[in-house]
Amino acid sequence: MWLTMPLLHRPKWKVVGEGLVEWLIRICGVSAVIFVFAIFFFVFWEAKGILFGEDRLDLWKFLTSEEWYPASESNPRYGASALIAGTASVTVLSMLIAVPFGLGAALFISEFCGPRLKEVLKITIELLAAIPSVVWGFIGITIMNQLVMRIFGAPIGLTVLNGAIILALMSVPIIVSIGEDALKAVPDSYREAAIGLGVTRWQMLYRVLLPAAKNGLLAAVLLGVGRAIGETMAVLMCTGHAVNNPFNTTFPFLHPLDSVRTLPATIAAELGETAQGSQHYQVLFVIGLLLFTITFVVNMTADLVVKGIKGK
Amino acid sequence: MVAQPSKLNVDSLTVWYGDKQVLNGISFDIKPNEIFSVIGPAQSGKTTLLRVINRTIDFTPNARVRGLVEVDGEDVAHVKDIYGFRRRIGMVAPLPVGLPLSIYDNVAFAPRSFGLSKREELDELVERCLTQAALWDEVKDRLNTLGTKLSGGQQQRLTIARALSHQPEILCLDEFSIAIDPVTTMKIEDVLKELRQDMTIILVTNLIQQARRLADRTMFLLNGDLIEVDDTEKMFSGVARNPKTNAFVAGTFG
Ligand SMILES: Nc1ncnc2c1ncn2[C@@H]1O[C@H](COP(=O)(O)OP(=O)(O)O)[C@@H](O)[C@H]1O
Ligand SMILES: [Mg+2]
């Protein structure tokens, strides 16, 4: 009987204290959600004048026109399509580089290298992920710039290609670490069962391992894309900052040696120069909303894909 | 008297994982078309033995193997064509491993990998293997659903069908009934009695009575030591040479 006594008669401060802690934890959890909504609401609020006011922005023109002259005194024009094209070009090219490298590295680390090398590689890749983006931008401006000029004979090296390579280097660590997790999650018994059937290692990889890990690998790629779309500083520094659409209708459809400007870079560069509440200021917030929507969709897709893995 | 050539010959087989010795110089041989069972408590090295035989132990980096294992007189450590060699050994794991493929593709996986691609031949092979594994009637209408959607007992029969798909000479079963119900177990035991016409069977089993029902000879492994190997009847009749064997089969071991 005496054993249960302390439970029945707990001191009052304990009861109150536990209640407090419980509430604190609850607030922490809920606040994460509140912050996201608050940020979205703030961005929306700053943009609402130009979205719904009388002098409102022509959204169609905003999305399709290439004329970005926000600072013109007589006739400011807000066509973001060149900026969208800039973002898309850098993102697409960087993924063309980063996805094969990232997935290849994940496969190598998970399936082919010894335990020692594996540790070394994993630590190195984590280090790579920890480099701040402004440092990447610096590398782009100096080393990459020189390399692009020398190798491709371009007049300036601050181009789509430069930004894409730098972005690829930044997203590879994400793709590698999440891709490696996905491969690690495939039980060893699968590998052993396949090998026991007398198939080669490559047949095992191709027919068993990749199908089993495909959702996780897809999530790795999508999170890499998300990283690339949202990145600001490095791209701002590496791509030359010229409003320009690098796509065209003839082969190869994309000029990797063009300079471009991306959506995030535009906000970062111009927001400080605009008067708060001005038309230009508000349009920049519309760009913010656009970016928010794109990254949200990409992340949601990645999330659903990951959920798909766990649900199985 | 000339001895019948053995299908599998194991001589002084010793295996280490790192510094830990898990098989201590065991020697035995298995005759063609024999059902040979291996009994012993957990951690005795039974699974390790099977992994040495089909050389999947190669994929455990810290494992070391000494001694001789021969299949039809050929040293398995030095086979020329390792993939061809592995196909001569069928392997069924304790927990069914349905590869993330359809039922059909699970069975067609190995034959395809060594070049069988004609649809009719594959169809026929898949049907034959699934029939042999006593699964055909239950799955013939849904060959394209994922193998992992089947029940545990069905999946285990699927892995048997898959092991038969490369027409092995030796079929190894590692505690195949550990996760399935007694009815399915009996079904598979009947399958094994049929299969022994065509192949040699090594049956590692956690059910002592299963060894008694099926095996011609039985080997008792304990902590990596071969305690005794003899005719199943003798091993189970309480007159085995080693008192540990008698205690183990009587369930009074320990
Ligand atoms: N991959 C491995 N690495 C290290 N030790 C292992 C490994 N696999 C098995 N062992 C050890 O080897 C011993 C024998 O295991 P095993 O062959 O699985 O026995 P059984 O199948 O009879 O239960 C056990 O002590 C086990 O812990
Ligand atoms: Mg075992």
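Before going into details, it helps to say that this report is about the structure given with it. Per chain, the residues get numbers from 1 upward, laid out in the order the sequence is written. Labels are handed out in written order, letters beginning with A for the chains and numbers beginning with 1 for the ligands. Given that the model is predicted, a residue must reach a pLDDT of at least 70 before its local features are reported, and side-chain atom pairs must reach 80 or more before they are shown or counted; all residues, however, enter totals for whole chains, interfaces and linings. Side-chain measures were taken over the full set of non-hydrogen atoms in the model, leaving aside hydrogen atoms and water.

## What about the overall build of chain A?
Per the secondary structure count, chain A includes twelve helices and two strands. What you see in chain A, going N to C, is helices and strands ordered as α-α-α-β-β-α-α-α-α-α-α-α-α-α. Throughout, the radius of gyration refers to the C-alpha atoms, and the reference size of a globule is 2.2 Å times the residue count to the power 0.38. Against the globule reference of 20 Å for 312 residues, chain A gives a C-alpha radius of gyration of 25 Å, more extended than a compact globule. When each of the 312 residues of chain A is scored for burial, the buried share is 40%. Secondary structure follows DSSP: runs of H or I at least 4 residues long count as helices, runs of E at least 2 residues long count as strands, and numbering of each begins at the N terminus. Throughout, exposure labels follow a simple rule: accessible area from a 1.4 Å probe, protein chains only, divided by the maximum for the residue type, with under 20% read as buried, over 50% as exposed, and the rest as partly exposed.

## A few points about the interface of chain A and chain B
Any pair of residues with heavy atoms lying within 4.5 Å of one another is described as a contacting pair. Contact with chain A, which involves 16 residues of that partner, is made by 21 residues of chain B. Simply put, the buried area is the total loss of 1.4 Å probe accessible area from both parts when two parts are fitted together. Interface area for chain A against chain B, summed over the two sides, is near 1700 Å², with a carbon-plus-sulfur share of 68%. One speaks of a salt bridge when a side-chain nitrogen belonging to Lys or Arg is within 4 Å of a carboxyl oxygen belonging to Asp or Glu. Notably, a salt bridge pairs A:E192 with B:R51, separated by 2.9 Å at the nearest N-O pair. Of all the elements in the fold, those that place two or more residues in the side of chain A that touches chain B are α8 (188-196) and α9 (201-230) of chain A.

## Here we look at the packing of aromatic side chains
Planes of paired rings set the category: under 30 degrees apart is stacked, over 60 is edge-to-face and the rest tilted, where pairs are Phe, Tyr or Trp rings (Trp by its six-membered ring) whose centres lie within 6.5 Å. Under the criterion given, the structure shown has nine aromatic pairs over all chains. The rings of A:F42, A:Y281 and A:F285 are connected pair by pair, giving a single aromatic cluster. Put simply, a charge is over a ring when the Lys NZ or the Arg CZ is close to the ring centre, within 6 Å, and near the line of the ring normal, within 35 degrees. Cation over ring: A:K48 sits above A:W45, and NZ or CZ is 4.1 Å from the ring centre. Over the aromatic face of B:W16 sits the side chain of B:R64, whose NZ or CZ is 4.4 Å from the ring centroid.

## Some remarks on a nonpolar patch on the surface
Residue and element names in this part refer to chain A. Two distance rules govern patches: like charges are joined within 9 Å, and nonpolar side chains (Val, Leu, Ile, Met, Phe, Trp, Tyr) within 5 Å, applied only to residues with over 30% relative accessible area and no salt bridge. Computed with a 1.4 Å probe, the accessible areas rest on the Shrake-Rupley method; for each residue, only the protein chains presented here act as cover. A surface patch of nonpolar side chains, amounting to about 490 Å² of accessible area, comprises F108, F112, L117, V120 and W202. Taken together, the elements giving at least two residues each to the nonpolar patch come down to α4 (81-112) and α5 (115-130). Given the relative accessible area of 35%, F108 is considered partly exposed.

## A few points about the site of ligand 1
Residues and elements named next belong to chain B. What makes a residue near a molecule or strand is one non-hydrogen atom of that residue sitting within 4 Å of it. Neighbouring residues of ligand 1: Y17, K20, V22, P41, A42, Q43, S44, G45, K46, T47, T48 and T60. Here a polar contact is recorded for every N or O atom pair within 3.5 Å, except that within protein the pair must consist of a potential hydrogen donor and a potential acceptor, and residues adjacent in sequence are included only if both atoms are side-chain atoms. Within the side chain of K20, one N or O atom sits 2.8 Å away from an oxygen atom of ligand 1. Contact between ligand 1 and K46: an oxygen atom at 2.9 Å from a side-chain N or O atom of the residue. Burial of ligand 1 by the protein amounts to 69% of the accessible area it has alone, namely 560 Å². Considering every element that reaches the shell around ligand 1, the biggest residue donor is helix α1 (residues 46-53), with three residues. Classification convention: Asp, Glu, Lys, Arg as charged; Ala, Val, Leu, Ile, Met, Phe, Trp, Tyr, Cys, Pro as nonpolar; all other residues, Gly among them, as polar. Grouping the constituent residues of the shell around ligand 1 by class yields four nonpolar, six polar and two charged.

## Quick word on the sheet that holds strand β7 (residues 170-174) of chain B
Working definition: the strands of a sheet are paired by backbone hydrogen bonds and lie parallel or antiparallel to each other. Residues and elements named next belong to chain B. With mixed pairing, the six strands of this open sheet are ordered in space as β6-β7-β8-β3-β9-β10. The sheet is open, and its two borders are formed by β6 (89-92) and β10 (225-231), each paired with just one other strand. Looking at each pair of strands side by side, their axes are set apart by 15° on average, direction ignored. The pairing of strand β3 (residues 35-39) with strand β8 (residues 200-204) spans four bridges and is classified as parallel. Along β8, the bridge assignment pairs F36 with I202. Note on method: axes are straight lines fitted to C-alpha atoms, helices fitted across the in-contact stretch only, with angles between N-to-C directions ranging 0 to 180 degrees. In the packing of helix α6 (residues 152-164) onto the sheet, contacts are made with β6 and β7, and the angle to β6 comes to roughly 170°. Pairs of strands are assigned from DSSP output, requiring at least two bridges between the strands.

## Some points on the side chain of A:S171
Considering the arrangement of structural elements, one finds A:S171 in helix α7 (residues 160-184). Apart from the residues within four sequence positions on either side, A:S171 is in contact with A:M95, A:A98, A:G224 and A:R227.

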